[in-house]
Amino acid sequence: MGSIKFESHSWIWDGVYYYPHLCGGLMLTAALLGLSTSYFAGIGVPSLPYFWPHLGIFQKKKYEKKPIRVYMDGCFDLMHYGHANALRQAKALGDILVVGVVSDEEIIANKGPPVLSMEERLLLVSGLKWVDEVIANAPYAITEEFMGNLFSNHKIDYIVHGDDPCLLPDGTDAYALAKKAGRYKQIKRTEGVSSTDIVGRILSSMRDTKVGDGCNSPSLSEQPHDTTKESQPNGTQISHFLPTSQRIVQFSNGKGPAPNACVVYIDGAFDLFHAGHVEILKNARQLGDFLLVGIHSDQTVSKQRGTQFPLMHLHERSLSVLACRYVDEVIMGAPWEVTKDMVCKHVIVSEMDSA
Ligand code: CTP
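Position numbers for residues start from 1 in each chain and track the written sequence from start to end. Confidence filtering applies because this is a predicted model: local features only for residues at pLDDT of at least 70, side-chain atom pairs given and counted only at 80 or more, and all residues used for totals across whole chains, interfaces and linings. To obtain the side-chain values, all non-hydrogen atoms of the structure were used and water was disregarded.

Before going further, it helps to examine the side chain of Arg88. Counting through the fold element by element, Arg88 comes out in helix H2 (residues 81-92). We call a residue buried when its accessible area falls under 20% of the maximum for its residue type, exposed when it is over 50%, and partly exposed in between, using a 1.4 Å probe and counting protein chains only. Within this scheme the basic residues Lys and Arg register as positive and the acidic residues Asp and Glu register as negative, but His and the chain ends are omitted. By salt bridge we mean one thing: a side-chain nitrogen of Lys or Arg within 4 Å of a carboxyl oxygen of Asp or Glu. The buried charged residue Arg88 lacks any salt bridge, with Asp163 as its nearest oppositely charged partner at 12 Å. Engagement of the side chain of Arg88 in a polar contact is seen with the side chain of Gln250, the distance being 3.3 Å. By definition, residues are in contact when any of their heavy atoms lie within 4.5 Å. Residues in contact with Arg88, not counting those within four places in the same chain, are Trp130, Arg247, Gln250 and Phe251. The secondary structure listing takes helices from DSSP runs of H or I that are at least 4 residues long and strands from runs of E that are at least 2 residues long, numbered from the N terminus. Polar contacts, as used here, are pairs of N or O atoms within 3.5 Å; protein pairs need one atom able to donate a hydrogen and one able to accept it. Residues neighboring in sequence count only if both atoms are side-chain atoms.

On to the site of the ligand, then. Residues are counted as near a molecule or strand when any one of their heavy atoms sits within 4 Å of it. The ligand sits among 18 residues. The nearest are His80, Lys111, Asp164, Val193 and Ser195. Note that a nitrogen atom of the ligand is positioned 2.8 Å from one of the backbone N or O atoms of Val193. Each accessible area value is a Shrake-Rupley result obtained with a 1.4 Å probe; residue values ignore everything except the protein chains displayed when judging cover. Look at the ligand: alone it shows 550 Å² of surface, and the protein chains cover 92% of it. In this analysis, the protein atoms alone were mapped onto a 1 Å grid. Cavities are point sets where a 1.4 Å probe fits without being able to get out; pockets are open sets with protein on both sides within 12 Å along at least five of seven lines; lining residues have an atom within 4 Å of a point. Molecules are considered to sit inside a cavity or pocket once more than half of their atoms lie within 2 Å of its grid points. With respect to the detected pockets, the ligand is housed in the largest pocket. Of all the elements in the fold, those that place two or more residues in the shell around the ligand are strand S2 (69-74), H2 and strand S5 (158-162).

Attention now goes to the layout of surface pockets. Grid points are joined across faces, edges and corners, and a volume is the space filled by probe spheres set on the points. Roughly 740 Å³ of internal volume is contained in the largest pocket. If you go around the largest pocket, you meet 33 residues; those closest to its centre are Cys75, His83, Lys111, Arg189 and Ser195. When contributions to the lining of the largest pocket are tallied by element, the ones reaching two or more residues are S2, H2, S5 and helix H7 (195-215). Each residue is assigned to one of three groups, with Ala, Val, Leu, Ile, Met, Phe, Trp, Tyr, Cys and Pro labelled nonpolar, Asp, Glu, Lys and Arg labelled charged, and all others, Gly among them, labelled polar. Taken together, the residues that form the lining of the largest pocket break down as 16 nonpolar, 11 polar and 6 charged.

Before going further, it helps to spend a moment on helix H12 (residues 314-322). Counting buried positions along H12 gives 8 out of 9 residues, so the element sits mostly inside the fold. Looking at H12, one finds that the buried residues are Leu314, Glu316, Arg317, Ser318, Leu319, Ser320, Val321 and Leu322.

Attention now goes to the nonpolar core. The term nonpolar core refers to a set of buried residues drawn from Ala, Val, Leu, Ile, Met, Phe, Trp, Tyr and Cys, joined through side-chain atoms within 4.5 Å. Counting residues in each nonpolar core, the largest one holds 52 residues, and the members touching the most others are Leu97, Val131, Leu281 and Val293. When residues in this core are grouped by element, the largest group, 5 residues, is from H2. Counting residues in each nonpolar core, the second largest holds 21 residues, with Ile135, Ala141, Ile142 and Ile159 among its members.

The next thing to look at is the environment of Ile202. On the secondary structure map, Ile202 appears in helix H7. For Ile202, a relative accessible area of 23% translates into the label partly exposed. Not counting residues up to four positions away in its chain, the partners in contact with Ile202 are Leu78, Leu272 and Leu311.

A few words on the environment of Ala90. Mapped onto the elements of the fold, Ala90 is located in helix H2. Along the primary structure Ala90 and Ile187 are separated by 97 residues, whereas in three dimensions their C-alpha atoms are 6.8 Å apart. If sequence neighbours within four positions are ignored, Ala90 has contacts with Val70, Met72, Leu97, Val160 and Ile187.

Another point: helix H5 (residues 144-152). Because an α-helix completes one turn every 3.6 residues, residues spaced three or four positions apart along the sequence face the same direction. Listing the buried residues of H5 in full gives Phe146, Met147, Asn149 and Leu150. One side of H5 holds all its buried residues, which, seen down the axis, span an arc of 160°. Turned more than 90 degrees from where H5 packs its buried face, Glu144 and Glu145 sit exposed. Tucked into the core, H5 has its buried residues touching S2, strand S4 (133-138), S5 and helix H6 (176-180). Along the arc lie the directions from the helix axis toward the C-beta atoms.

Okay, structure coming up:
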């Protein structure tokens, strides 16, 4: 089980530490990774002195290596799988990922007011499986003073950001100092999703509801909402996300349940993944050893909640759930009713019951 350190850049969060637990797994991935690692294990060359005990030469199997600590900051408003993918890539650049969550005040000054509060954004970020430590109320720009604090107090080796320009209101680069210090690394921004795009989808869905109410159009309300389409007859925002099996593998942990494990099943829409989802998944995981999450299909969600939903399509919702540290496995397009063959030894919890 991993742990996360929760720190503050300001007095508000001083001394607050969270230690949520880590777990993981996707059976398909387990099969793939198992195959590749056992294949390459056959051609590995162990260090020579380890093989010469008769000469009295012994050494540790591994050298103690100083862990590389990387820092990534952001607003993480309406947190989506693009943010999760950025943090996944940042973590891969080192051993320990420290995430700075920019303060409400700094976001207001640089981008306009955030939708989610500092507390909600912190919960969402610390619920991600790649995040090791969190710094609350981080500044928007990497100033000389904050960079010194990162290097000396947080022992940061590299500062990471996506490959999109991040400019301050005066037009200067927010990461200029980190770049000058030679301690900057870049990851690839995930195409097809942004907080602005999600706000657009929310506004469109609200407009659709009003249009539906006003015109009383049965043909519109009978159509399931398909977020994967290029354009919607009702004007709903479109998704440009292209789901690939590689992305799902990257987000998965690659472990199935151990023999005799108590597998907990929870199902739901998990649309617009939020702090409440993190809480319920954490609680569900504590009921057993392995958490299996059933994610309802777009058609099921539309049928149950209205044609303007879901706002995020099945693959987007699946990635957000898979990125959560409490989740071991997902069923993409789970049935609304839990069938008898799914039950077998499982504890069933419903997202609706517990919300
Ligand atoms: N990021 C990314 N892919 C996206 C959106 C964000 O890789 N689709 C990265 C950014 O490059 C940044 C980090 O996630 O390194 C945090 O981004 P954030 O500060 O929250 O804001 P934006 O970059 O403006 O993204 P968004 O509009 O989606 O909030």
